[in-house]
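# Architecture at a glance
Residues per chain are reported as follows:
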Amino acid sequence: MASFAERVGKRAPRSITQTNDLDLETRTELWNVFVALRDIFEEAGRRSNWDNKTAKNFLTSVWAWEFKRPRDEMESQGQVWSLIKRTMLEAEWFDVLNLIEETAKYLKRYAERYTDTVHETLTEAFNNRFEHFLVGYRFIGHELTPIDTSAEADAIGGAISDVASIAGARHSLERATELLADREKPDYPNSIKESISAVEAVVKKVTGKGELSKGLAELEAAGLTIHPALKGAWVKMYGWTSDDDGIRHGGVDAADVDQALAAYMLKTCSAFVSYLTEQGRKTGLLR
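All values reported here derive from a predicted model rather than from experimental measurement. (Residues numbered from 1 in each chain as written. Predicted model: local features only at pLDDT ≥ 70, side-chain atom pairs only at ≥ 80, totals over all residues. Heavy atoms only, no water.)

Further remarks concern the overall build of the protein chain. Along the backbone of the protein chain there are 12 helices and 2 strands. Classification of the 287 residues of the protein chain by burial places 44% in the buried group. Put simply, of all contacts in the protein chain between residues at least 6 apart along the chain, 61% involve residues at least 24 apart. When the accessible surface of the protein chain is summed, it comes to about 14900 Å², and 48% of that surface belongs to carbon and sulfur atoms. (Helix = DSSP H or I, 4+ residues; strand = E, 2+ residues; numbered from the N terminus. Buried < 20%, exposed > 50% of the residue type's maximum accessible area, 1.4 Å probe, protein only. Contact = heavy atoms within 4.5 Å. Areas by Shrake-Rupley, 256 points an atom, 1.4 Å probe, with all protein chains shown as cover.)

Have a look at this one:
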């Protein structure tokens, strides 16, 4: 549910994906990945001077190349870690991601002895944080790559605006977004349920049929024609969510429903809602 501050307009609600900003909670968890890396280096340094040299080379590169500091002014490794922390918590979001990407590349270069463990562990840890906190980027190879677009977020927001006069549909899309965007306890199965319910609410508004499969069959009689293949696809989609083994009846284990599937359903249902409302207004069935 939206917080009080969000409901009264004093704080912007969380977006589905963070693509042009990073909130403090996300920044803190990304910094914690660096803390784990620092612990790995310190433990390795206690076991081997060679490993300590690797950490020094890595941190010197970050100091000189990323922070543009003279090498002779680097007095301790702690200086570099402090700069990394300050960047992660306070810098512009793109500088944060740039530092993360370059760090992974330096680690790949200098940690040759355990490249397959430390480097891959680092990028995997960052990807896990990106997924959990809905950051729209992932490591693919050695580079951070966008995995979501602002156009998709705009499509969801547009669908919510399109159904402003259909209270049930609007509530369902907003609730689906909240359940997906909850970074503490995301509820992917119920997000999917709300997404499909939004489509159901629009079809009911047009046809008067409370069940989506029946309503889709009545769309043409109501004056709204959609391609049979598209209609058939939505009948099957509804069947997947609503039969005895479907997600609405708990037939799909929550563990089998991940963020990607919930996001796909929200985007797909939002697009169909916008299509139905636009066609409904063209034919005079909706206002």
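Let's pick the thread back up.
So, on to the pattern of salt bridges. Inspection of the entire model under this criterion finds 6 salt bridges. A salt bridge links glutamate 102 to lysine 105; its shortest N-O distance comes to 3.8 Å. Placement of both glutamate 102 and lysine 105 in helix H5 (residues 93-110) is noted, with a separation of 3 residues, approximately one turn of the helix. Judged by relative accessible area, which is 17%, glutamate 102 ranks as buried. Given a relative accessible area of 29%, lysine 105 falls into the partly exposed group. (Salt bridge = Lys/Arg side-chain N within 4 Å of Asp/Glu carboxyl O.)

Further remarks concern the environment of threonine 225. Within the element layout of this structure, threonine 225 appears in the loop between helix H10 (212-222) and helix H11 (228-242). Taking the C-alpha atoms as reference, threonine 225 lies 8.6 Å from glutamine 279; in sequence the two are 54 residues apart. Setting aside chain neighbours within four positions, we find threonine 225 in contact with Glu220 and Tyr275.

The next subject is the packing of H10 against H11. Close contact between H10 and H11 brings their axes to 9 Å; oriented N to C, the two are set at 170 degrees. On the basis of their axis angle, the class for H10 and H11 is roughly antiparallel. Where H10 approaches H11, its residues Leu212, Ser213 and Leu216 are matched on the opposing element by Lys231, Trp234, Val235 and Tyr238. Class assignment for the residues of the contact of H10 with H11 results in 5 nonpolar, 1 polar and 1 charged. (Axes fitted to C-alpha atoms, helices over the stretch in contact; angles between N-to-C directions. Parallel < 35°, antiparallel > 145°, perpendicular 65-115°, else oblique. Nonpolar A, V, L, I, M, F, W, Y, C, P; charged D, E, K, R; others polar.)

Assignment of secondary structure puts threonine 26 in helix H2 (residues 24-47). Of the residues examined, threonine 26 reaches a relative accessible area of 1% and is grouped as buried. There is a polar contact of 2.6 Å between the side chain of threonine 26 and the side chain of aspartate 23. (Polar contact = N/O pair within 3.5 Å; in protein donor to acceptor, adjacent residues only side chain to side chain.)

Quick look at the nonpolar core now. Across soluble globular proteins, nonpolar side chains show a tendency to be buried alongside one another. Grouped together as the largest cluster of nonpolar side chains are 40 residues, with contacts concentrated most on Ile84 and Ile100. Of all elements in the fold, only H2, helix H3 (49-66), helix H4 (77-90), H5, helix H6 (115-132) and strand E1 (137-140) reach the threshold of two or more residues within this core. In terms of residues, this core owes the most to one element, H5, which gives 8 residues. In this structure, isoleucine 84 is in contact with Trp31, Phe34, Val62, Phe67 and Leu99, ignoring residues within four places of it in sequence. By size, the runner-up hydrophobic cluster in this structure holds 36 residues, among which are Ile160, Ile166, Met265 and Val273. (Core = buried A, V, L, I, M, F, W, Y, C linked by side-chain atoms within 4.5 Å.)

This paragraph deals with the side chain of glutamine 18. Among the structural elements, glutamine 18 can be located in the loop between helix H1 (4-7) and H2. At 2.8 Å, the side chain of glutamine 18 and the backbone nitrogen of aspartate 23 are in polar contact.

Taking 1.5 Å per residue as the helical rise, H5 with its 18 residues ought to reach 26 Å, and the 26 Å between its terminal C-alpha atoms agrees with that figure. Those residues of H5 not exposed but buried are Trp93, Val96, Leu97, Leu99, Ile100, Glu101, Glu102, Thr103, Ala104, Tyr106 and Leu107. (Expected span 1.5 Å × (residues − 1).)

In regular strands, side chains alternate between the two faces of the sheet. In terms of strand pairing, E1 meets strand E2 (residues 143-146) through 4 bridges, oriented antiparallel. The residue of E2 that forms the bridge with isoleucine 140 is glutamate 143. Taken together, E1 and the strand that follows it, E2, pair antiparallel across an intervening segment of 2 residues, in which glycine 141 is found at a positive phi of about 70 degrees. (Pairing = 2+ DSSP bridges.)

On to the packing of aromatic side chains. Counted according to the given criterion, the structure contains 10 aromatic pairs. Ring centres of tryptophan 31 and phenylalanine 34 lie 6.4 Å apart, and the angle between their planes is 25 degrees; on these two criteria the pair is classed as stacked. A residue pair is termed a helical-turn pair when its members lie 3 or 4 positions apart in one helix, as tryptophan 31 and phenylalanine 34 do in helix H2 at 3 residues. Neither tryptophan 31 nor phenylalanine 34 differs from the other in exposure class; each is buried. Just above the ring of tryptophan 63 sits the side chain of arginine 69; from NZ or CZ to the centre is 5.6 Å. (Phe/Tyr/Trp six-rings, centres within 6.5 Å; stacked < 30°, edge-to-face > 60°. Lys NZ or Arg CZ within 6 Å of the ring centre and 35° of its normal.)

This part covers unusual backbone geometry. Backbone geometry places lysine 68, a non-glycine residue, at a positive phi of 55 degrees. Position of lysine 68 among the secondary structure elements: in the loop between H3 and H4. Phi at leucine 134 takes a positive value of approximately 55 degrees, unusual for a residue other than glycine. As for its placement among the helices and strands, leucine 134 is situated in the loop between H6 and E1.

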